[in-house]
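Fold and geometry: a report
One letter stands for each residue in the lines below.
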Amino acid sequence: MVGERTSVGLDVHARSVVGCAIDGVTGELHRHRLTPDAGAVLAWIGQLPGPVAVVYEAGPTGFGLARFLRDRGVVCLVAAPSKLQRPAGDRVKTDARDALHLARLLKLGEIVEVTVPSVSQEAARDLVRAREDARGDLMRVRHRLSKLLLRQGIVYSGGQAWTGRHDAWLRSHQFAQPGLQLAFESGYEAMLLTVARRDRLDAAIVAMAAGGEFTDVVHRLGCLRGVSTLTGFALAVEIGDWGRFTGSSIGAYLGLVPSEHSSGATRSQGSITKTGNGHARRLLVEAAWHHRAAYRHPGATMRARWQAAPPAARARGHEGNRRLHERWQAFNDRKKKPVVANVAIARELAGWCWSLATLE
C-alpha cells in the first residue's frame, strides 16, 4: 500500500488470529498470535510503526473485523481468496505462512479486495439467503414425501403437483401399517412447516423491498420479464454497488462467461466459469427462461410493476424485453440447445439489469 509503512497480514479463524507485520523501512518482521477479539487485534496493530495497512482473507468470520478497524481509522482490506497469487511449488501451509504471504502481497499492492457490505446490506443479504435455504429445504422435503408414496406404488396424476387439489389428495391417504403412517405424517408435516417458513420470509422480503434503500433498484429491475420483487431484491442486495461493473464485466463477475484455455494459434472455450455469486447467477438463469415466450406488449403483471418505475426505466425495460426475446429467436433459428442459449440470454440479461440499476 502506497503511503503505509507497515503492512499487516492476518490469518483469521473462529478461535485464533495470527498476525504478521512487515516494516517497510527496516524490513523487520513482527509476528503475534492473538485472540479473535477485535480489540486485541487493534491493540497489537497500535504497537506497530505507523501508518499501518491491514489485510485478511474473506471467509466465514465475516466482515466485522474490517468494519471495526475502519471505524477506528485503520486501512483494512478484505482479500478475495480466489485471487491470491501462490507459488506453484509451495507445499507447506500454516497460519503463520499465510499471514506472511498476505502481508507481502499487500506490500506489493497485489491484493484484489472484495467489497465490504454495510450492516444493513449484509442483513438484507442474510434474509434472501435464508429464503434460498427455505426453497432448497422445501424441494427436498417434497421430494422425500413423493418418493415415499412412489415406493408404495402411489403416483399423483390429477394435474399440477403441489397445488390445493394435490394437497387434498395427499391428505386422503391412510396406511394400515403404523410405521408407514407415522413416516407419511412426519414428511407431510415437515412440508407444511417449510412452506410456512418460506412464506414468512417472502412476506418479509416484500415488505423490505417496498420501503428501504433497495426499493428504487428493485422497481427498476422489475421492468424486465422474469424479475419479480423477490428476484429483484435478491439481485440488488447480492450485487450491492452496481457502479463497480460495466454492462460487459458484470457477466464475468457472475460466472456467466465461457471458460477459456488458449495458447498460440489455438483458441479453446469451454463451459461457463461459474465463479462469483452463485445465488445471483441462478436467479438470472431462471429469469432468462421467461424471455423465450413471445413478447409484444407487457401483460397485466408487468404493467403493475411498471407503475412503480420511472418512465425512463419502463422504456429501457421494454427495449430489453424485446431484445432478449429476439436473441432467443436467433438461437432457436440456429438450432442451439435451449440450455446453452438460456445461459447466453442470462449473460445479456445481467447487462440489462446493470443498465437499469445504474440508469440516471
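In the block above lies the structure referred to throughout.
The following paragraphs examine the structure supplied in this document. (Residues numbered from 1 in each chain as written. Predicted model: local features only at pLDDT ≥ 70, side-chain atom pairs only at ≥ 80, totals over all residues. Heavy atoms only, no water.)

Attention shifts here to the packing of helix α12 (residues 311–333) against helix α13 (residues 338–357). For the pair α12 and α13, interaxial distance at closest approach is 10 Å and the crossing angle is 165°. The orientation of α12 with respect to α13, classified from their angle, is roughly antiparallel. Relative to α13, the crossing made by α12 is right-handed. Together, A313, R316, G317, E319, G320, R323, L324, R327, W328 and F331 of α12 and P338, A341, N342, A344, I345, E348, L349, W352, S355 and L356 of α13 make up the contact between the two elements. (Axes fitted to C-alpha atoms, helices over the stretch in contact; angles between N-to-C directions. Helix = DSSP H or I, 4+ residues; strand = E, 2+ residues; numbered from the N terminus. Parallel < 35°, antiparallel > 145°, perpendicular 65-115°, else oblique. Left-handed = near helix turned anticlockwise from the far one by under 90°. Contact = heavy atoms within 4.5 Å.)

Take the sheet that holds strand β3 (residues 29–34) next. With respect to topology, five strands assemble into an open sheet ordered β3-β2-β1-β4-β5, the strand pairing being mixed. The sheet terminates laterally at β3 and β5 (75–79), the two strands that pair on one side only. With direction set aside, neighbouring strand axes in the sheet form an average angle of 20°. Sheet topology places strand β1 (residues 6–12) next to strand β2 (residues 17–23); seven bridges connect them, and they run antiparallel. Note on β2: the bridge partner recorded for V12 is V17. Across the sheet, helix α1 (residues 38–46) is in contact with β1, β2, β3 and β4 (52–57); its angle to β3 comes to roughly 160°. Of the strands in this sheet, β1, β2, β3, β4 and β5 touch helix α3 (residues 95–108), which is tilted by about 140° from β1. (Pairing = 2+ DSSP bridges.)

Here we take up the pattern of salt bridges. If the charged atoms of two oppositely charged side chains come close together, the side chains can form a pair. The final tally for this structure, using the stated rule, is 21 salt bridges. The salt bridge partner of E113 is R70, with a shortest N-O separation of 4.0 Å. Taken together, the positions of E113 in the loop between α3 and α4 (119–150) and R70 in helix α2 (residues 64–71) put the pair 43 residues apart, joining distant regions of the chain. R70 gets classed as partly exposed once you look at its relative accessible area, which sits at 35%. (Salt bridge = Lys/Arg side-chain N within 4 Å of Asp/Glu carboxyl O. Buried < 20%, exposed > 50% of the residue type's maximum accessible area, 1.4 Å probe, protein only.)

Moving on, we come to the side chain of R142. When you line up the elements, R142 lands in helix α4. Within the buried core, R142 has no salt-bridge partner, and the shortest N-O distance to an opposite charge, that of D199, equals 8.0 Å. Apart from the residues within four sequence positions on either side, R142 is in contact with W162, M191 and V195. (Lys, Arg positive; Asp, Glu negative; His and termini not counted.)

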